[in-house]
Amino acid sequence: HNNLGALHLRAGRADKALHHYHALAGMMPDDAQVRYTLGVLLARRGDNDRALEHLTAAVHLAPNDTRSAQALALVEGQLMRSASPQQHANTWQGIP
């Protein structure tokens, strides 16, 4: 699933990548990279409640990973502002 998820992500097929990363998170719940990637994919779709769950887990699993901490801060900020879906999409442009 990891290779397929990454392949779909690089090809711009976020929905297919999301499917594979969901499966990975179920199989590898303690993998910070998987949780980070799933959190970012969910946030890009505007699903900030679920993104928050996965990004919080990523930060707890890898507290020195600044990408996870930054992504978590963005999601928390978006939840506080209750931005529109288009604003969510614009925020996540260029975030790997």
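Residues numbered from 1 in each chain as written. Predicted model: local features only at pLDDT ≥ 70, side-chain atom pairs only at ≥ 80, totals over all residues. Heavy atoms only, no water.

**Student:** Could you clarify how one ought to interpret the nonpolar core in this entry?
**Tutor:** Note on soluble globular proteins: their nonpolar side chains tend to be buried together. Tyr21, Tyr36, Leu38 and Leu55 are the most contacted members of the largest nonpolar core, which totals 19 residues. Of all the elements in the fold, those that place two or more residues in this core are helix H2 (14-27), helix H3 (32-44), helix H4 (48-61) and helix H5 (66-81). The dominant element in this core, judged by the number of residues it contributes, is H3, at seven residues. (Core = buried A, V, L, I, M, F, W, Y, C linked by side-chain atoms within 4.5 Å. Buried < 20%, exposed > 50% of the residue type's maximum accessible area, 1.4 Å probe, protein only. Helix = DSSP H or I, 4+ residues; strand = E, 2+ residues; numbered from the N terminus.)

**Student:** It is not clear to me how the environment of arginine 35 should be interpreted in this structure. Could you clarify?
**Tutor:** With respect to the helices, strands and loops of the structure, arginine 35 is situated in helix H3. Sequence-wise, arginine 35 and alanine 58 are 23 residues apart; in three dimensions their C-alpha atoms are separated by 5.4 Å. Within the local environment of arginine 35, its side chain forms a polar contact with the backbone oxygen of proline 29, the two atoms lying 2.8 Å apart. Looking at arginine 35, its side chain comes within polar contact range of the side chain of histidine 54, at 3.0 Å. (Polar contact = N/O pair within 3.5 Å; in protein donor to acceptor, adjacent residues only side chain to side chain.)

**Student:** Help me understand the pattern of salt bridges, please; the structure alone is not making it clear to me.
**Tutor:** Oppositely charged side chains can form a pair if their charged atoms are brought close together. On inspection of all chains with the given rule, the structure shows three salt bridges. Across the pair arginine 50 and aspartate 47 runs a salt bridge whose closest N-O atoms are separated by 3.0 Å. Where aspartate 65 meets arginine 67, a salt bridge forms, and the shortest distance between an N and an O atom there is 3.9 Å. Accessibility expressed as a relative area gives 31% for arginine 67, which makes it partly exposed. (Salt bridge = Lys/Arg side-chain N within 4 Å of Asp/Glu carboxyl O.)

Shape descriptors only; they carry no functional weight alone.
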